[in-house]
Each structure stands twice: as C-alpha cells, then as structure tokens.
Amino acid sequence: MGSNKTIVWFRRDLRIEDNPALAASARDGSVFPIFIWCPQEEGQFYPGRVSRWWLKQSLAHLGHSLKSLGAELVLIKTHSTLAALLDCINAIGATRVVFNHLYDPVSLVRDHSIKEKLVELGISVQSYNGDLLYEPWEIYNGSGQAFTTFDSYWDKCLHMQMEPVSHLPPWRLLATAGKVEKCSVEELNLEDETEKSSNSLLGRGWSPGWSNADKALAEFVEHHLIDYSKNRLKVGVNSSSLLSPYLHFGELSVRKVFQCVRMKQLLWAKEGNSIGKESVTLFLRSIGLREYSRYLCFNFPFTHERSLLSNLKYFPWDVNQAHFKAWRQGRTGYPLVDAGMRELWATGWIHNRIRVIVSSFAVKVLLLPWRWGMKYFWDTLLDADLESDILGWQYISGSLPDGHELERLDSPEIQGSKFDPEGEYVRHWLPELARMPTEWIHHPWDAPLTVLKAAGVELGQNYPKPIIELDLARERLTEAIFKMWEMEAAARASISGGTSEVVVDNTDGNENLAIPKAMLKEKAPCPTISSNDQKVPTIQNPKNSPAHKKRSKYVEEERPHRDKLHKVNGIEGTSRTDEDLCSTAESSASKKQTTSRFSFSVPQYCPSSESQPLHECESSDLKQPLQVQTDRVYSSSEDDAMGT
Ligand SMILES: Cc1cc2nc3c(=O)[nH]c(=O)nc-3n(C[C@H](O)[C@H](O)[C@H](O)COP(=O)(O)OP(=O)(O)OC[C@H]3O[C@@H](n4cnc5c(N)ncnc54)[C@H](O)[C@@H]3O)c2cc1C
C-alpha cells in the first residue's frame, strides 16, 4: 500500500462497489472521503424537494457503509466547493484529490476550473469514469465527428472492442484524520421542516442507498427483465426497472447493470428464448439513452439553454402563466395528462410514456416553452437528471434529428385508450372521474350528459373542461410553425442581404441567470492528462459537418420550399485535436449577445426558494459558433428512438 493521503470527493457516485475513484484511493494509502454541499453553486439547478430527500437518505446510507469499512464520510456545507476542498487538503496534508466524472454543463465547467486551480497549487488530481459504459470522447464516427442520432451512436457503442470493466470494491479503508468544519447529514439542511411530512410518504415507496439499489437491480433482472419488451409501454404498473433515481445518484454502477443483463442475454440466447433476447436488447437501449444524454451534453454543452437543431429559435411560444399553472396542477381537462401531472407531484416519479405525453402536451398543445417544462421536471422528479431531462424535452419538441417532429401532435384521448385501456391509471389519480365508464374516461367532454351525471362529473365544476380544444390546438400549432418559418426566412434574408448586425442578448446580461457563465480560459493547457482523465468539450469545427437527414412529409406537402430554409442550419461534429480536448465548455461563454422578443424567464412556481428564473436562449443561436445545417427527413415510426 502506498503512502498517499487521498481526498475522495463523492458527488453523484454514492456507492462502494465499482467506484473507480474510491478503489484507486484505497489501493494507494489512506483516504479522507468527503461530500461537499454548496447550494449557491447549484444556482437554478438547485435540486427539488424529492431529489434532496433522496440525497439525504443516500448520504446517510453511504456514511454507514464507509464507517463499516473503517473511514468516516465527512459532510461539509459551504459557500465555495474549492475553498472547502482546500481546507480539507490543508487539514490532512493531502497529496491527492480523486473524483468520478460528471457531464452536465454546470459540473463540466466547475470541475475543470477546480482541477486547474488545484494543479496550480501542486496538488495531484485524478478523475475517473464512474458513471458511463463509455466516455463521451471515446465514441466518434469515422471522420472524428460526434454522432447526432441515437441509433448510430448506440450501434457504435455496441461494436466497441473493449467491454466495460468493473472495479473491485475495497474490503477495508485506511482512514486519515484532520480537523475540518464538518456537519451532520441533518445539518446539511437538505430537507426543510415543512417538507418532512410530505417526504415521509416517499419512504413508503422508495428505499434510497447503494445496497438497496443492488437489491432493486437483482429483483428486476431476476423477475421482470424477461417481460420488459412486453410491459415497458404499460403505464400504472411496475413495467420498467424503476432504477432511474439509483442510477442518477450513482448508487448503482451502470457497468454492473450492463454485466448482469448481459449474463441473462447469454443464458436466454443459449435457451433460444426470443422474448428474453428482445427484452435485453430493449433494456440495453434504455441504458444507451442515458449514455447518449451525457454524450450530447458533453459534445453540445449548450443544450440546457437552446435546442440542438436551433430550430426553435423563432418559435412563437405562448408565454401563458395560467396555462403553465393548469398544466402543473393537473387541471388541463385532459385526463391522462392531468393524472400524470398529479402522480408526478405526489410521488416524484412518472413512467417514460407519461413523461412523453405530458411534455408533448405542454409544448404542442399549450405552446409553452420547453425549458419551462424541463425546469419543472427538474424540480419535481426523484430522478431529476439534467442530461436525461434535456434529452427528453429536446426529443419531444422537434429539437433532435431523430426525435418527434414538432408538428406531430398525438391526441391524449387516443393515447389514453392505448396506454391506459381500462382507465385504471386515470381513476387512481383523478378520483373525481373514478365513476366514469371506461368508454368515456379519456374524453369526458364527449360523454352524454346522462353518463356524466350518473358518474357525478360536472365539467367545469368538479373536473375542468378541456383547456383548449384539440382541433384549435392543431391549428395554433400549425400557425406557430408557419410563423417560425417566416421569421427564420426573414432573418436569413436579412443576413444574406448584408444587414446582419450584432445585437445584445439580454438573457446573458441577466445577473440572475445562475448557470455559471464564467467559462474557462480558451485553449488552456490541460493540467492533468492521463488515459482515464476527464476531457472537456470544445466548440465544434464548422467545416465538414455531417448531414443529418430528416425530411418531414408534412413539410414537403405543405411547404415545398421548406428544405431551403432548413439547409441553412446544421449540426457540426467535433474536431478532436489534443488542443480541443484541453479547452472547455464554451457554449455559454462564447455566446455573443443578441436581443430577442422571445427571451423570457420561467415563472416563479418553484417550491424551492433558491430556484432562479430560467431564461430562454433560443434567440442567441444566430451568434453561436455551432451552425446547424440539417435537412429534416420525416420518419413516422410510432415507437422510435427514445423508446416511446
Ligand atoms: C420529457 C422527459 C424528461 C425526462 N427526464 C428524466 C430525468 O430527469 N431523469 C431520468 O433519469 N430520466 C428522465 N427521462 C427518461 C425516462 O423517462 C426515465 O429514465 C425512465 O422513465 C425511468 O424509469 P425506469 O428506471 O423504470 O426506466 P427503464 O425503462 O427501466 O430504463 C432503465 C434506465 O435507462 C435509462 N433511461 C430509460 N429511458 C431513458 C430515456 N428516454 N432517456 C434517458 N435515460 C433513459 C434510465 O436511467 C433508466 O433508469 C425523461 C424522459 C422524458 C420524455
């Protein structure tokens, strides 16, 4: 055993097993495990109530496990992560700091900056892949560009020569001591007094903590994986793995999930079990989507503020706070949407299918800005995960080359009969409709008065009338899309006519925009480069862009000149020189400022007082170094890339 004194900085890797940072430190001397809670640095991505509840339980669980191995988990509440790290380094005379990588846009910037500062001070820093099967910088196409469609990305992952390898857990830890300002898990104040009674309900359904994650995985793989292909689209039953919060907090190693599932795959292949084989393929695809969410955030680190395709820059959103409120409260008059939103509020979790339905409703029926919905999900989901949330909202709002088309508007009534055929899900979450016959439960507005009366339903009284008629919503959506095209064409004409001018982006100028804007020095030398070290994203090379073809049938029929408009936007792949890998997440920083009438903030609904308004930055796309050049090709598949 070496003589290093290593600080193990836990973040979203709250487990003992297959934790590469912990394993490396345990091999090499004594350890000082810490968790730093710095609400100020979380800014607008300060976690919501249920997410903080989970974190609190999980930290307590990890603390017990580390103690049984011989080391204490030191909890620190601070105003500056860097200052807290430096205090610890001084207190124990640490020679090294280790941690596992995170890929969300906020952490990418913060971690890189901390790493640079520590290295400047002569502290050795090592970071590891604790969250993914493959690092985002390991997967590129033949010409070194980032993939922008899931299928091509996942295909490449599945054909990688190297299988992901797990790390053995330490069987004992040699602790090192030091006097630092630590606190108890209670003193972290992750849970307000007023939140405790609602939170106690969460404990009935969920057991956070890494050893519970292991049990949940074993239970799923042994008993439910086989039926995943059949059940995964059913809502209201435990049809999927329910592993997302464990995976988000790193209580479960994704490599372990992958290996357990692969074992079953081999077994079922040997037995010729085709249902099992299909279930494994589909489940691994879901795991792949999680990987892809990190991949997109790393390679296109601006996607938390604007759409990947830049297509929504001119979309005339309806900034209607009353509609936003009705959506949040489950009072839209569309039963499946309302049931989903009430389940989300009550339990902190909803099925993927319901996430797609409620998010599509917000964007396409209510025309609410997708970033409002994204932020609301962030505040209310137990598994709130910035990368997956961004991927989900971009996917439904026509912002991804292989996502839903913006013009696709599914009827919640038809979806109700498809995914909740007996109406049980709606009855459970909307007791006011409990007595409605199945035939009408997903569209009570069509039911004869006698039926409504017999069921005790009075539309507009004890259950709302539809917030907007679906036919009208379709018209509004079509109009909005046409308007968007017109604006886009006008902007393009003004640029090609030489009247382009640099204007100021008032979203960037907003002091309250809490995502750290202070990006790192351009092309800074990499402080620590090793084979497993964290890379940082770079701006992309505007030349050699891959063409992502996706043509809308609707678009072709209705607007023959539509292609011309879209040709001007394109997604660039990455050019990966060594120098690039040393540069950093520049999207927000390098964004030139523009003004736009489409700039707006998320209304202040958040239960957490520390949440800040989230600003819509589609307007800044014009000035971005990443120019999008994409033809949209229509794909009408019902079950598409994101498993919907
Ligand atoms: C608008 C929208 C917002 C979303 N926000 C989040 C979020 O904040 N956090 C989150 O973890 N997931 C999010 N998802 C993805 C997905 O809905 C959940 O991961 C899934 O429902 C979790 O349930 P499960 O663990 O039973 O999934 P399973 O179907 O059992 O899948 C296993 C794991 O694969 C991953 N996964 C599955 N589907 C997806 C997907 N579409 N995108 C990314 N990862 C996926 C999850 O880690 C999941 O735990 C969102 C989807 C949409 C459409």
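Use the structure listed above.
If you're wondering where the values come from, they're calculated on a predicted model, not measured in any experiment. (Residues numbered from 1 in each chain as written. Predicted model: local features only at pLDDT ≥ 70, side-chain atom pairs only at ≥ 80, totals over all residues. Heavy atoms only, no water.)

**Quick word on the sheet that holds strand β4 (residues 96–100)**
In step 1: A sheet is described by the order of its strands in space; here five strands give the open sequence β3-β2-β1-β4-β5, paired in parallel fashion. Single-partner strands in this sheet number two, and they are β3 (74–77) and β5 (124–128). Between one strand axis and the next, the sheet turns through 25° on average, direction left out of account.
In step 2: Bridge count between strand β1 (residues 4–10) and β4: four bridges; the pairing is parallel. When the sheet's bridge partners are listed, Thr6 is paired in β4 with Arg96.
In step 3: Strands β1, β2 (29–37), β4 and β5 of the sheet are contacted by helix α1 (residues 20–27), whose axis makes an angle of about 150° with β4.
In step 4: Helix-sheet contacts for helix α5 (residues 105–120) involve β1, β4 and β5, and the interaxial angle to β5 is about 150°. (Pairing = 2+ DSSP bridges. Helix = DSSP H or I, 4+ residues; strand = E, 2+ residues; numbered from the N terminus. Axes fitted to C-alpha atoms, helices over the stretch in contact; angles between N-to-C directions. Contact = heavy atoms within 4.5 Å.)

**Observations regarding the layout of surface pockets**
By rolling a water-sized probe across the atoms, one finds the places where empty space is left.
In step 1: Considered as a void within the structure, the second largest pocket measures approximately 820 Å³ in volume.
In step 2: For the second largest pocket, the lining is made up of 32 residues, of which Gly205, Trp206, Asn238, Leu242 and Trp349 are closest to its centre.
In step 3: Listed by contribution, the elements that provide at least two residues to the lining of the second largest pocket are α7 (196–205), α8 (210–224), α14 (335–347) and α19 (424–429).
In step 4: With five residues, α8 is the single largest residue contributor to the lining of the second largest pocket.
In step 5: Within the lining of the second largest pocket, the residues separate by chemical class into 15 nonpolar, eleven polar and six charged. (1 Å grid on protein atoms, 1.4 Å probe; cavity = no way out; pocket = protein on both sides within 12 Å on 5 of 7 lines; lining within 4 Å. Points joined across faces, edges and corners; volume = space filled by probe spheres on them. Nonpolar A, V, L, I, M, F, W, Y, C, P; charged D, E, K, R; others polar.)

**Topic: the site of the ligand**
In step 1: Lining the immediate environment of the ligand, one finds 27 residues, of which Tyr228, Ser240, Ser241, Leu242 and Asn352 sit closest.
In step 2: Residue Ser244 places a main-chain N or O atom 3.0 Å away from an oxygen atom belonging to the ligand.
In step 3: Within the backbone of Asp385, an N or O atom sits 3.1 Å from an oxygen atom of the ligand.
In step 4: Starting from 820 Å² of accessible surface for the ligand in isolation, the protein chains cover 96%. (Near = heavy atom within 4 Å. Polar contact = N/O pair within 3.5 Å; in protein donor to acceptor, adjacent residues only side chain to side chain. Areas by Shrake-Rupley, 256 points an atom, 1.4 Å probe, with all protein chains shown as cover.)

**Section: the side chain of Glu191**
In step 1: With respect to the element layout, Glu191 can be found in the loop between α6 (150–158) and α7.
In step 2: A distance of 2.6 Å separates a polar atom in the side chain of Glu191 from a polar atom in the side chain of Lys56.

**Focus: the environment of His304**
In step 1: Along the chain, His304 falls in the loop between α12 (274–299) and α13 (321–329).
In step 2: Counting along the chain gives 67 residues from His304 to Arg371, while the straight-line C-alpha distance between them is 8.0 Å.

**Here we look at the packing of α8 against helix α11 (residues 254–271)**
When two helices pack together, their arrangement is given by the angle between their axes and by how far apart the axes lie.
In step 1: Closest axis-to-axis distance for the α8/α11 pair is 11 Å, and the angle between their directions is 20°. Comparing their axes, α11 and α8 come out roughly parallel. In terms of crossing hand, the pair formed by α8 and α11 is right-handed. Of the residues in α11, those touching α8 at Asp214, Leu217, Val221 and Glu222 are Lys256, Val257, Cys260, Val261 and Lys264. (Parallel < 35°, antiparallel > 145°, perpendicular 65-115°, else oblique. Left-handed = near helix turned anticlockwise from the far one by under 90°.)

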